[in-house]
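Below are the chains, spelled out letter by letter.
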Amino acid sequence: MNHAPQAASTFRLIVTGGGTGGHTYPALTAIRTLQERMAGEDRTLDVLWIGTADGLEARIAPAEGIAFATVATGKIRRSSNPLKMMSTANMKDMARVPLGVAQARKLVADFRPDVVLATGGYVAVPAGLAARLCRRPLVLHEQTVRLGLANRKLAGSATRIAVSSQSTVALLPEAVRGLAVVTGNPVRPQVLTGHADKAVEALGLHGFDRQLPTVYVTGGAQGAQQINGVVGDALPWLLERANVIHQCGPDNVAGLQAHAASLPAELAGRYRLAGFVGPELPDVLALADVVISRSGAGTLSELTALGKPAVFIPLATSAGNEQAHNARHLEEAGAAVALLGDVTADRLKDAVGVLLTDPARRAAMADRSREHGRPDAADRLVDVILSAASG
């Protein structure tokens, strides 16, 4: 008797989180890794991403072919003053949360996920609460050292809490510490596959002196005025000691080009200005001996996975001063230098100078950095998701 082949089983996942790349890209990497895991087991993955209409996830999910739904959410404006927390804008937004929970509850009930994965951002709160109401396993993933506001609200509803750093566990409420699993922060796999020589070809870095170290400067996709200004002020000094690739943001290219026009030809050949570094980023990171950058969670996880010495200039206005906390955490471990407060060209020279002139110091910092890196974080997070699904 012939039996029809049994349909491959389907794993159903709701992902919620976003607003910024810090919440969005780890979720996307986890989805891709889970898809590969399922394919290897002849199973399929069905994903629904619950986000906001104006967050980065609203562009990323559809572009990746992932079903996307929105719910109402409210951005809570933080303040140390309780009266300011009761502002009209906050009150209006807080009133939207029950609507968002009702919308998310319907989505969760209809989709019937095996697991809900929440990666942070305001939208994660209604979807995470809906998971609890519908009795579906909820996995939180925290990218930063300290739990973000959304994940703090959801910690009591979680089945598992995946954290990026061992030091996070002690910062969790005592009642939920037993749910914590240290996974690290998922890193886009292509970041780990760069080749230095490809960067030289792709960016035309033929004026670079390969006997000198190479510094990669980045302030994120849009650039950072603070980093651009400080590096611009220190530029001749830097170029006497290193090659520099400077990702400055598309709007800042003209001003920095004018600034660099007065450089002597030999130094100018060692300076490559780019508005945006796209597909060639893995190769640029492979070439870089030192990185000067902000200290968002995604940046930290990539640089430590690669073992890159870094000088961090944290974004002072990051939520909960998180970037400064991240930078200080790695500095205390000898894995980076954190420049906090008022950053000047002289302070930058002091921080980066010893790394450029002392290869042994650079190598030691690279080793410390690598100790904090978790290149297998996406696989670890997928393990947590699957274990939560199986109870």
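Residues numbered from 1 in each chain as written. Predicted model: local features only at pLDDT ≥ 70, side-chain atom pairs only at ≥ 80, totals over all residues. Heavy atoms only, no water.

1. Here we look at the overall build of the chain
When helices and strands are tallied, the chain shows 17 helices and 13 strands. Since a compact globule built from 391 residues should have a radius of gyration of about 21 Å, the 23 Å found for the chain is in line with a globular shape. If you line up the chain on its principal axes, its C-alpha atoms span 75 × 70 × 35 Å. For the chain, buried positions account for 51% of its 391 residues. Of the accessible surface of the chain, which amounts to about 17700 Å², a share of 52% is contributed by carbon and sulfur atoms. Here the chain contributes 39 positively and 35 negatively charged side chains, and the mean placements of these two sets differ by 9 Å. (Helix = DSSP H or I, 4+ residues; strand = E, 2+ residues; numbered from the N terminus. Rg over C-alpha atoms; globule rule 2.2 N^0.38 Å. Buried < 20%, exposed > 50% of the residue type's maximum accessible area, 1.4 Å probe, protein only. Areas by Shrake-Rupley, 256 points an atom, 1.4 Å probe, with all protein chains shown as cover. Lys, Arg positive; Asp, Glu negative; His and termini not counted. Charge placed at Lys NZ, Arg CZ, Asp CG, Glu CD.)

2. A look at the nonpolar core
Membership of the largest hydrophobic core comes to 34 residues, with the highest contact counts inside it found for Val 215, Tyr 271, Ile 292, Val 311, Leu 348 and Val 352. Residue assignment for this core shows that the elements contributing at least two residues are strand E8 (214–218), helix H9 (225–241), helix H10 (253–260), strand E10 (271–274), strand E11 (290–293) and helix H15 (345–357). Examining the composition of this core, we find that eight residues originate from one element, H9, more than from any other. Not counting the four nearest positions on each side in its chain, Val 311 is found in contact with Val 291, Ile 292, Ser 293, Val 337, Leu 339, Leu 348, Ala 351, Val 352 and Leu 355. (Core = buried A, V, L, I, M, F, W, Y, C linked by side-chain atoms within 4.5 Å. Contact = heavy atoms within 4.5 Å.)

3. Side note on H15
With 13 residues, H15 should cover 18 Å at 1.5 Å per step; its first-to-last C-alpha distance of 17 Å lies within 8% of that length. Where H15 bends most, at Ala 351, the angle is about 30 degrees. Of the surrounding secondary structure, the elements contacted by the buried residues of H15 are E8, H9, E11, strand E12 (310–312), strand E13 (337–338) and helix H16 (359–372). (Expected span 1.5 Å × (residues − 1). Bend = angle between axes of the 7 residues up to and from the residue.)

4. Focus: the sheet that holds strand E4 (residues 115–118)
A sheet is described by the order of its strands in space; here seven strands give the open sequence E3-E2-E1-E4-E5-E6-E7, paired in parallel fashion. The strands lining the two open edges of the sheet, one partner per strand, are strand E3 (67–70) and strand E7 (180–182). The average undirected angle you get between the axes of adjacent strands in this sheet is 25 degrees. Where strand E5 (residues 138–142) lies against strand E6 (residues 160–163), four bridges are found, and the strand directions are parallel. Paired with Glu 142 across the bridge in E6 is Val 163. Lying over the sheet, helix H5 (residues 124–133) contacts strand E1 (10–16), strand E2 (44–51), E4 and E5, oriented at roughly 155 degrees with respect to E4. (Pairing = 2+ DSSP bridges. Axes fitted to C-alpha atoms, helices over the stretch in contact; angles between N-to-C directions.)

5. Overview of the pattern of salt bridges
For the structure shown, the criterion picks out 15 salt bridges. For the salt bridge of Glu 266 with Arg 270, the shortest nitrogen-to-oxygen distance reads 2.6 Å. On the accessibility criterion, Glu 266 (56% relative accessible area) is exposed. Look at the salt bridges and you will find they share partners, linking Arg 37, Asp 379 and Asp 383 into a network. (Salt bridge = Lys/Arg side-chain N within 4 Å of Asp/Glu carboxyl O.)

6. Some details on the confidence of the model for the chain
Confidence along the chain averages 91 in pLDDT terms, with 92% of residues attaining 70 or more. Low pLDDT (under 50) marks residues 1–7, which in the prediction has zero contacts with non-local residues, meaning those over four places away or in another chain. (pLDDT = per-residue confidence, 0-100.)

7. Some remarks on the side chain of Thr 73
Secondary-structure assignment places Thr 73 in the loop between E3 and helix H3 (82–85). Residue Thr 73 is classed as buried on the basis of its relative accessible area of 17%. In this structure the side chain of Thr 73 is engaged in a polar contact, spanning 3.3 Å, whose partner is the backbone oxygen of Tyr 122. Beyond its immediate sequence surroundings of up to four residues, Thr 73 is in contact with Thr 52, Arg 96, Tyr 122 and Val 123. (Polar contact = N/O pair within 3.5 Å; in protein donor to acceptor, adjacent residues only side chain to side chain.)

8. Here's the deal with the sheet that holds E10
Spatially, six strands are ordered E10-E9-E8-E11-E12-E13 in an open sheet, and the strand pairing comes out parallel. Looking along the sheet, the strands with just one partner apiece sit at the ends: E10 and E13. Looking at chain direction, E8 and strand E9 (residues 243–247) are connected through five bridges and run parallel. The partner of Tyr 216 across the bridge, within E9, is Ile 245.

9. Some points on unusual backbone geometry
The backbone of Asp 42 shows a phi angle near 55 degrees, a positive value even though the residue is not glycine. Looking at the element boundaries, Asp 42 is found in the loop between helix H1 (21–40) and E2. Asp 42 sits in the exposed class, given a relative accessible area of 59%.

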